Amino acid sequence: MKRPEYLSSGELARLIPVATKPELRNTCVTCAMLMAVEEFAEALLGALGAPTGKRAKISVWVEPVFKQSKIDNKDRPDALIVVDNGRREWRALLESKVKGADLDQSQIERYLDIAKTYSVDAVVTISNQFVATPTQSPCNINRNKLKKVALYHWSWSFLKTEAKIQLSKSVVSDPDQAYMLDEYVRFLEHESAGVSEFAQMGKEWVEACKLYYAKSNRPLKN
């Protein structure tokens, strides 16, 4: 698969990566699954507005650098997702964190600026941080940054759960793709992947509880 002309560098995501950094390894494997398993990509990327379907071609480029880019290497995103169905191309920058590492607000805002500069549709983040829906973010992002670029978030647990649901319901029609998806779940469940389960509600939960009890005239329980 040929690298897009607007990139000066970037490697195609591999199902069996040679990367040693856990974040980059997880990113490569996840992105390879998006390219390889049609139903998995449809469920995840289609929900974000990407033109997925039978005619769509998905490519993911790891550590991409745009041509004529003056960004520092520290601001290089983990990946660029490209979905092209022949009529429309949808693109998203991807940034991931593993283990106890949280997303950095300032870094994500810089990626939103980069996406805007190069007409990229969205920024997608992945971490162990939990949100109720992919349209929410664990970071308190400046709303002005979201006027031209959409921001989405997946937790690693969410990705694992989606894969398990598809396997349990036999959603994936191709047996080879189903095998790969099963191996993906096995990969995420291994401790080396740095994926942790949802353990506690975020700080917003406290305020939500206070508001609920205030409206219902019920005493707040400790």
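Residues numbered from 1 in each chain as written. Predicted model: local features only at pLDDT ≥ 70, side-chain atom pairs only at ≥ 80, totals over all residues. Heavy atoms only, no water.

Peer 1: So what exactly am I meant to see when it comes to the packing of helix α1 (residues 22–36) against helix α2 (residues 38–45) here?
Peer 2: Geometrically, a packed helix pair is captured by the angle between its two axes and the distance between the axes. Running from N to C, α1 and α2 cross one another at 105°; their axes reach a closest spacing of 6 Å. Taken as axis vectors, α1 and α2 run roughly perpendicular relative to one another. Counting all contacts with α1, which are made through M33, L34 and A36, the residues of α2 involved are E38, F40, A41, L44 and L45. (Axes fitted to C-alpha atoms, helices over the stretch in contact; angles between N-to-C directions. Helix = DSSP H or I, 4+ residues; strand = E, 2+ residues; numbered from the N terminus. Parallel < 35°, antiparallel > 145°, perpendicular 65-115°, else oblique. Contact = heavy atoms within 4.5 Å.)

Peer 1: Would you mind showing me how to read the packing of aromatic side chains here?
Peer 2: The geometry of two aromatic rings is summed up by the distance between their centres and the angle between their planes. Tallying each qualifying case throughout the model produces three aromatic pairs. For the pair F40 and Y184, a centre-to-centre distance of 5.7 Å together with 65° between the ring planes defines the contact as edge-to-face. Of this pair, F40 sits in helix α2 while Y184 is found in helix α5 (residues 175–189), placing the two residues 144 residues apart along the sequence. One exposure class covers both F40 and Y184, and it is buried. Between F66 and Y118, the aromatic rings sit 4.3 Å apart at their centres with planes inclined by 10°, giving stacked as the arrangement. Taken as a pair, F66 in strand β2 (residues 57–66) and Y118 in the loop between α3 (105–117) and β5 (122–127) lie far apart in primary sequence, 52 residues in all. Its relative accessible area of 3% is what places F66 among the buried residues. An aromatic cluster is defined as three or more aromatic residues linked by ring pairs; in this entry it consists of Y6, F66 and Y118. Between the NZ or CZ atom of R91 and the centre of the ring of Y6, over which it lies, the distance is 4.5 Å. (Phe/Tyr/Trp six-rings, centres within 6.5 Å; stacked < 30°, edge-to-face > 60°. Buried < 20%, exposed > 50% of the residue type's maximum accessible area, 1.4 Å probe, protein only. Lys NZ or Arg CZ within 6 Å of the ring centre and 35° of its normal.)

Peer 1: Sorry if this is basic, but what is going on with unusual backbone geometry here?
Peer 2: With glycine set apart, most residues show a phi of negative sign, and most peptide bonds adopt trans. In this model, K99 sits at a positive phi of 55°, which is unusual for a non-glycine residue. Mapped onto the elements, K99 comes out in the loop between β4 (89–96) and α3.

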